[in-house]
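# Architecture and fold: a report
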Amino acid sequence: MEKTSEQIRADLLRPLFSTGPGYWTAVAIAASMVLAGVFAFCYQVYNGIGVWGLNSPVFWAFDITNFVFWIGISHAGTLISAILRLCNAGWRRPVTRCAEAITVFALSIGAIVPICHLGRPWLFYWMVPYPSERHIWPNFRSPLAWDFIAISTYLTGSTLFLFLPIIPDCAAARDLTRGWRRKLYSLLSLGWQGTPRQWHRLETAMHIMAIAIIPVAVSVHTIVSWDFAMTPVPMWHSTIFGPYFVVGAIFSGVAALILAMALLRKFLRLDEYLQPIHFDHLGKLLLTMSLLWVYFTFAERLTTWYGNDPSEMAVFWSSIRQQFAPLFWTMVVCNFIIPFPFLAIKKLRTITGTVIASTTIVAGMWIERFLIIVPSLEHKYLPYSWGTYRPTWVEITLMVAGFGMMALLYLLFSKLVPMISMWELEAGVRKAPAVPRHVVSLKPRPATGIAESEPFATDLSR
Amino acid sequence: MRALYALYSDPDAAQRAVNALKTAAGSLGIADRQIVVVTAEPFDGYDFSDEHAESPMFLIASFTGILGGLVGYWLTRFTQVSYPLPTGGMPIVPPWTNAIIVYELTMLGAIAGTVITLLVMAGLPQFGESLSDPEVWHGKILVGVTEPPEKARPELEKHLRQAGASEVKATA
């Protein structure tokens, strides 16, 4: 039986009004992780950046690992959502907002990390080009200035890309609520009425934004890769870094999206909307990205090994069979060995299977970022300058706080805005009878009778 | 806002109502802009919706994108010429690296232009009174006339009912 428009709205607005103890427990845990990070940051500001484990020759480590990791995670949302919108993929409808929210939050967290790394973080605005008495303008030849401009563009675009489809849903919430919520949603809906003219303009705008945001997303992670590739450090100065980073970003981003969807499905009781077929489709995408990641990793290592340059081989062997070998092989296991069977074998590509694969991939991709950065810095060209790096409690706490902040922002957002776009879902339901029968399974309906192992369960009664 | 409107469950019925109102508009003394349709989702393929399909948004986005690119070019060139740094024989204004800034600001210009055009063309933000009904968010389609002439009300109500509305509502 199909859900009516009224039922869909009731289901999707329910999490905004009803909150269980589990929600507040999760908020408390996430908030305490963030508070721990705030404490570590204050400690660092008071005592100086020396409280981090950085020292010559390793001047970047956990912080830049977290930066690259979070920028990578941010590729899940806007990029995937934009591609699916342009392809007019019907199954995207319940997924897009969960994904777009990940982008905005992950990008914000990623952008905070380099600011923490500044010796005097309160002067971060010096990166902004504006006429001032200092006569110091950004050096646009520096990849760090490219980062600033690219991330600002992507964050602006992604925030607007997330916000625009929220406007009609806020209008619905405005008309269906009372009290302070009505005032809040009146403000957020910008006075949206729902006239055909407004719908047309919104859809056209979303279409243009989708076209514009895809190249921006690709450029952002390419530019992040150029932070390394523009430097003559062993195993960094490589043309493969741009696409390698983009693939890695989409890979980790899709994994994060699957995890977020699984948590939303469970805790917001959205199992009638986030169905096995959505995890199945994303699982296939994850499989493709896993294979691409293996291809790039192998190509990069093979080229280095074949070249046999002494300085590069020092980094190569340190990660393959010396001090970083345990991390390297854990990364391979997490990013390929474990996920591959779960994603390649149809019977295993269930919700549970994709969640297991995604969990290992998120961990594996964090390790990958670390292995790109630290072994190269520890083994620069002249062996007398080699050194080692160990993270301190401050860096570890800041890393944990990043995960806490992501969870906290996502939890608060889910309390404020429906996590599935109501109007897009309803439009999909209305259009569904016109599409082939096998796509009808995408329409939301009660979960009873749909086994998790039946990702393509079809309503044959139609 | 004074208005007379009806709610329809079926978009075909809403289409009939819009057609009837437009046909009778001249004789009833109402203008096309007084006929309002409000929906909870976009209805592609219906005349009441598709008549607004044409928009210069793509053109404007392209223009603002080019404008953004020009700002990027100016910003990088002006900065590098005004505050020259030692470059070891490399160009003071390097086109390769500046292209990255130009590219990003082109895309930012296109995005900003799109959003501003949307807000202007969709009449947002608009916090004044507008015709709506909570039933719209339960899947109904609202078709109505704002500021209807008093003497035309019975005729308007008849048209709205004939199209399939079970109830006609009025706002004071």
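Residues numbered from 1 in each chain as written. Chains lettered and ligands numbered in written order. Predicted model: local features only at pLDDT ≥ 70, side-chain atom pairs only at ≥ 80, totals over all residues.

This brings us to the overall build of chain B. A tally of helices and strands in chain B yields 5 helices and 4 strands. Starting at the N terminus and walking to the C terminus, you meet the elements of chain B as β-α-β-α-α-α-β-α-β. Here the C-alpha atoms of chain B give a radius of gyration of 26 Å, more than 25% beyond the 16 Å that 2.2 N^0.38 yields for 172 residues. Taking the principal axes of the C-alpha coordinates as reference, chain B spans close to 85 × 30 × 25 Å. Looking at chain B as a whole, 41% of its 172 residues are labelled buried. (Helix = DSSP H or I, 4+ residues; strand = E, 2+ residues; numbered from the N terminus. Rg over C-alpha atoms; globule rule 2.2 N^0.38 Å. Buried ≥ 20, exposed ≤ 12 C-beta atoms within 10 Å, placed from the backbone.)

The subject of this paragraph is the sheet that holds strand 4 (residues 168–171) of chain B. Residue and element names in this part refer to chain B. Here we have 4 strands laid out as an open sheet, ordered 2-3-1-4, and antiparallel in their pairing. The open sheet has two free edges, formed respectively by strand 2 (35–38) and strand 4, since each of these has just one partner strand. Pairwise comparison of adjacent strand axes, ignoring direction, gives a mean angle of 25 degrees for this sheet. Strand contacts of helix 5 (residues 153–162): strand 1 (3–8), strand 3 (141–146) and strand 4, with the helix running at about 10 degrees to strand 1, the strand carrying the most contacts. (Pairing = 2+ DSSP bridges. Axes fitted to C-alpha atoms, helices over the stretch in contact; angles between N-to-C directions. Contact = placed C-beta atoms within 7 Å.)

Below, the discussion takes up the confidence of the model for chain B. All names here are of chain B. Residues at a pLDDT of 70 or more form 97% of chain B, whose mean pLDDT is 87. For chain B, per-element mean pLDDT is lowest for helix 2 (residues 47–50), which scores 68, and highest for helix 4 (residues 95–121), which scores 95. As scored by the predictor, the complex reaches a pTM of 0.89 and an ipTM of 0.91. (pLDDT = per-residue confidence, 0-100.)

Attention shifts here to the environment of G194 of chain A. Tracing the sequence through the fold places G194 of chain A in the loop between helix 8 (179–189) and helix 9 (196–229). Exposure remark for G194 of chain A: the 26 C-beta atoms within 10 Å place this residue in the buried category. Sequence separation between G194 of chain A and P326 of chain A is 132 residues, and the spatial gap between their C-alpha atoms is 57 Å. Residue contacts for G194 of chain A: discarding those within four places in its chain leaves P168, A171 and W199 of chain A together with V38, T39, A40 and V136 of chain B.

The accessible area lost on association of the parts is a frequent measure of interface size. Assigned domains of chain B: these are domain 1 (3–53 + 129–171) and domain 2 (57–121). Computed over C-alpha atoms only, the centres of domain 1 of chain B and domain 2 of chain B are separated by 46 Å. (Domains from an automatic or database assignment.)

A few words on unusual backbone geometry. A cis amide bond links S56 of chain A to the next residue, P57 of chain A, at an omega of 5 degrees. Topologically, P57 of chain A is positioned in the loop between helix 2 (21–47) and helix 3 (62–73). Note the cis peptide between L124 of chain B and P125 of chain B, where omega equals -5 degrees. In the Ramachandran plot, N88 of chain A falls in the positive-phi region, its phi being about 55 degrees despite a non-glycine side chain. Tracing the sequence through the fold places N88 of chain A in the loop between helix 4 (77–86) and helix 5 (96–117).

Residue and element names in this part refer to chain B. Taken across its 6 residues, strand 3 has 5 buried, putting it largely inside the fold. The sheet contact formed by strand 1 and strand 3 spans 6 bridges and is antiparallel. By the bridge assignment, L7 is partnered in strand 3 with L142. Bridging between strand 2 and strand 3 involves 4 bridges; their strand directions are antiparallel. By the bridge assignment, V38 is partnered in strand 3 with L142.

It is worth spelling out the interface of chain A and chain B at this point. With 46 residues of chain A in contact, the opposing surface of chain B contributes 48 residues. Secondary structure elements with two or more residues in the side of chain A that touches chain B: helix 1 (5–17), helix 6 (143–163), helix 7 (166–176), helix 9 and helix 17 (422–431) of chain A. Here the side of chain A that touches chain B takes 17 residues from helix 9 of chain A, the largest share from any one element. Split into classes, the residues belonging to the side of chain A that touches chain B amount to 23 nonpolar, 15 polar and 8 charged. (Nonpolar A, V, L, I, M, F, W, Y, C, P; charged D, E, K, R; others polar.)

Let us now look at the nonpolar core. Judged by nonpolar contacts, the single largest core of 180 residues is most densely connected at C98, I102, V254 and L257 of chain A together with A17 and V143 of chain B. If you count residues domain by domain, this core takes at least three from each of domain 1 (3–53 + 129–171) and domain 2 (57–121) of chain B. Beyond its immediate chain neighbours, meaning those up to four positions away, L257 of chain A contacts A76, G77, C98, A99, I102 and L282 of chain A. (Core = buried A, V, L, I, M, F, W, Y, C linked by C-beta atoms within 7 Å.)

All names here are of chain A. Relative orientation of the contacting elements helix 11 (residues 276–307) and helix 15 (residues 351–378) amounts to 40 degrees, with a least axis distance of 9 Å. For the element pair helix 11 / helix 15, the angle class is oblique. Two packed elements cross with a definite hand, and for helix 11 against helix 15 that hand is left-handed. Side by side, helix 11 and helix 15 meet where P276, F279, L282, G283 and L286 of the first sit next to I351, T354, A357 and S358 of the second. Residue classes in the contact of helix 11 with helix 15 are distributed as 6 nonpolar, 3 polar and no charged. (Parallel < 35°, antiparallel > 145°, perpendicular 65-115°, else oblique. Left-handed = near helix turned anticlockwise from the far one by under 90°.)

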